[in-house]
Amino acid sequence: MIRTTLAAISALLLLALPAQAADDVIAAPTLRASVTVTSDVVRVGDLIDNAGSAALIPVYRSPDLGTTGALPVAHVLSVLRAKQVIGVMTGDIKEVQVTRLARTLANKDLETAVASALERRFGLGDAANIAVTFDRGVADMRLDASNTGALQPVATRYDARNGRFDIAFEINNDNNPTPTKLRFTGTAIETVEVAVLTRDIDRADLLKSSDIALERRPKAEVTGEPASRDRTLGMQLRRPMRAGMPIRVADIVKPDFVSRDQSVTVIYQVPGIYLTTRGKALESGAEGDTVSVLNLQTKRTLAGIVTGRGQVTIQGASQSAPMAPAVEQTSSLKRDEAPAPVDTAALVRNLVQAPASPAQIAQAQIPQVRVPQAPPKSE
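Scope of this entry: the structure provided in the associated data block.

Conventions we followed
- Each chain carries its own residue numbering, running from 1 in the direction its sequence is written.
- Selection of residues for local features in this predicted model requires a pLDDT of at least 70, selection of side-chain atom pairs for listing and counting requires 80 or more, and totals for whole chains, interfaces and linings are taken over all residues.
- Calculated side-chain values reflect all of the structure's heavy atoms, with hydrogen atoms and water omitted.
- Any two strands between which DSSP finds at least two bridges are classified as paired.
- The way it works is that DSSP assigns letters per residue, a run of H or I at least four long becomes a helix, a run of E at least two long becomes a strand, and they are numbered from the N terminus.
- Under the scheme applied here, a residue whose accessible area is under 20% of the maximum for its type counts as buried, over 50% as exposed, and between as partly exposed, the area being computed with a 1.4 Å probe on protein chains only.
- Any two residues having at least one pair of non-hydrogen atoms within 4.5 Å are treated as being in contact.
- Under this definition, polar contacts are N or O atom pairs within 3.5 Å; protein pairs additionally need one hydrogen-donor-capable and one acceptor-capable atom, and for neighbouring residues in sequence, both atoms have to be side-chain atoms.
- Lines fitted to C-alpha atoms define the axes, with helix axes restricted to the stretch in contact, and inter-axis angles between N-to-C directions lie between 0 and 180 degrees.

## With respect to the pairing of strand 21 (residues 290-295)
Consecutive side chains of a regular strand alternate in pointing toward one face of the sheet and then the other.
Next, step 1: As defined by bridge partners, strand 19 (residues 273-281) adjoins strand 21 across three bridges and the pair is classed as antiparallel. Bridge assignment links Ala281 to a residue of strand 21, and that residue is Val293.
Next, step 2: Note: strand 21 against strand 22 (residues 301-308), five bridges, orientation antiparallel. By the bridge assignment, Leu294 is partnered in strand 22 with Thr301.
Next, step 3: Between strand 21 and strand 22, which pair antiparallel and follow one another directly, the connecting turn spans five residues, one of which, Lys299, has a positive phi of 60°.

Here it is, written out as structure tokens:
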């Protein structure tokens, strides 16, 4: 009976051995080939799986924020044995890559944060128009990955006289109730986008696309309204300007289509009549300007509108009066009596010599007709 019981116990132990061995294989600590950490130290639990109670034991100092370091497997095993961690499965791993995660704040992000803190304050405008320069060259900044909060300005100082700023920020930290503090100093200046000359330009030159570049300049340097690129193309300068100078709206004018003392074509235009003659401009003007011209035939000075290059139009239509009423058919004209013919030559002379008055135009278009009065009837 006792022998039977011992045999049964032995059989049970033999059956249990493969299961226990399998558990030992599953629970065996296994080295990792790639490790990522967020803190400033590397622990046993970061390096191996199934570290058990030894997981929290620190073994290495972490790489710098946002960098990766390599550890030979032999060196890792030696350090682990010193921490009483043995039996680590390494497989075919030759080295362990350890990367420390970080939150990167790019220089542009920091400039944007400062500009946003100053936006529409202290006499400044939109953040997009504020140029920020730090006292010390601030490159990309790396923080511990636990700093997940936004940059929140908590103290802002600005001197509008010299553009100096001093701003303190706080960032919430997931691992620490005390937020991370950052402080920046430097200068912040409001800028405007303005068209700038790429070469020296004379007054008579027309501005072309290659003559204009867009730049941001301090707002204080551009007095008056800055000119946009589209607004400057095809225009002329009021005065010669050098390369690099910003262009204001007040610096540009429409190009002169007519120059003083220039020979021009004078157009006389009234409804139904279109005449041209030669004249001399007595003043310069752009398209749409009213200028004085001398009619070279009659030596009269006329006022007209510049309508093209070397072209001035005398508009008679705007000066004309309403048409005189036509002679009624019920008048006592004799059947064989015809109206007086239109004096076309006189009409042309009137239009060429001077702008026709309303009465002249009406008289030229509808000649006066004398209607003989009928003799009184005898009783």
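There's plenty left to go through after this.
## Some words on the environment of Asp144
Next, step 1: Mapped onto the elements, Asp144 comes out in strand 10 (residues 141-144).
Next, step 2: Classification of Asp144 as buried rests on a relative accessible area of 18%.
Next, step 3: Residues Asp144 and Ser39, 105 residues apart in the sequence, show an inter-C-alpha distance of 7.4 Å.
Next, step 4: Not counting residues up to four positions away in its chain, the partners in contact with Asp144 are Thr38, Ser39, Leu65, Arg100 and Arg103.

## Describing the side chain of Asn147
Next, step 1: Along the polypeptide, Asn147 turns up in the loop between strand 10 and strand 11 (152-159).
Next, step 2: With a relative accessible area of 4%, Asn147 lands in the buried category.
Next, step 3: A distance of 2.4 Å separates polar atoms of two side chains, one belonging to Asn147 and the other to Thr180.
Next, step 4: The residues touching Asn147, leaving out its near neighbours within four places in the chain, are Arg103, Ile171, Asn172, Asn173 and Thr180.

## Things to note about the sheet that holds strand 23 (residues 311-315)
Sheet strands line up and pair through hydrogen bonds in the backbone, either parallel or antiparallel.
Next, step 1: The strand order 18-19-21-22-23 describes a closed barrel built from five strands, whose pairing is mixed. This sheet shows a mean twist of 55° between the axes of neighbouring strands, independent of strand direction.
Next, step 2: Pairing of strand 18 (residues 263-270) with strand 23 involves five bridges; the strand directions are parallel. Bridged to Ile267 within strand 23 is Thr313.

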